[in-house]
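Each chain, written out:
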Amino acid sequence: MTEHAKARQWREREVGTRERLAELTGYSVESIYWYERGINPPRGKKRRQDPIADWVWQRYKLTCAGVTAERSGQKFRW
C-alpha cells in the first residue's frame, strides 16, 4: 500500500473528514487532499505533479502521530 493510501485510510479511520484533520493539525484541507493523492500541487507553466518528498512525508506523519497521541489522552508537554 502506498504512503498516500495509508494516510487517507488512517484519516478516515481515526479522524473522519479532511476538515476535522485540518482543525486538529493546522494543515489546510487542500494540503491534506494533496497528501492523500501522493503528489505536490501542480505549479508553474508545465503544471508538473511531482511526488511528495520523503522529508515532507516524515513531517506529516509526525503531525498525525501527535493527533493519535492526543486522542488517546497523551497530552504533549514541553
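The rules behind the values
Residues numbered from 1 in each chain as written. Predicted model: local features only at pLDDT ≥ 70, side-chain atom pairs only at ≥ 80, totals over all residues. Heavy atoms only, no water. Helix = DSSP H or I, 4+ residues; strand = E, 2+ residues; numbered from the N terminus. Buried < 20%, exposed > 50% of the residue type's maximum accessible area, 1.4 Å probe, protein only. Contact = heavy atoms within 4.5 Å. Areas by Shrake-Rupley, 256 points an atom, 1.4 Å probe, with all protein chains shown as cover. Lys, Arg positive; Asp, Glu negative; His and termini not counted. Charge placed at Lys NZ, Arg CZ, Asp CG, Glu CD. pLDDT = per-residue confidence, 0-100.

Undergrad: Explain the overall build of the protein chain to me, please; I cannot follow it from the model alone.
TA: Across its full length, the protein chain holds four helices and zero strands. When the helices and strands of the protein chain are placed in sequence order, the string is α-α-α-α. Its C-alpha atoms give the protein chain principal-axis dimensions of about 45 × 25 × 25 Å. The burial tally for the protein chain puts 27% of its 78 residues in the buried class. Expressed as a percentage of contacts within the protein chain between residues at least 6 apart in sequence, the contacts between residues at least 24 apart total 40%. Carbon and sulfur atoms form 50% of the exposed surface of the protein chain, whose accessible area is close to 5,900 Å². The positive charge centre, built from 17 side chains, and the negative charge centre, built from 10, are 4 Å apart in the protein chain.

Undergrad: It is not clear to me how the environment of Ile 52 should be interpreted in this structure. Could you clarify?
TA: Tracing the backbone shows Ile 52 in the loop between helix H3 (29-37) and helix H4 (54-71). A C-alpha to C-alpha distance of 22 Å links Ile 52 and Arg 20, two positions 32 residues apart in sequence.

Undergrad: Explanation requested: the confidence of the model for the protein chain in the structure shown.
TA: Caution is warranted with low-pLDDT regions, since their predicted coordinates should not be read in detail. Mean pLDDT over the protein chain stands at 92; residues scoring 70 or higher make up 100%. Looking over the protein chain, one finds the lowest element-wise mean pLDDT in H4, namely 94, and the highest in helix H2 (residues 18-25), namely 97.

Undergrad: Explain the environment of Tyr 35 to me, please; I cannot follow it from the model alone.
TA: In this fold, Tyr 35 is placed in helix H3. On the basis of relative accessible area, Tyr 35 is assigned to the buried category, the value being 9%. When the C-alpha atoms of Tyr 35 and Tyr 60 are compared, they prove to be 8.6 Å apart, with 25 residues separating the residues in sequence.

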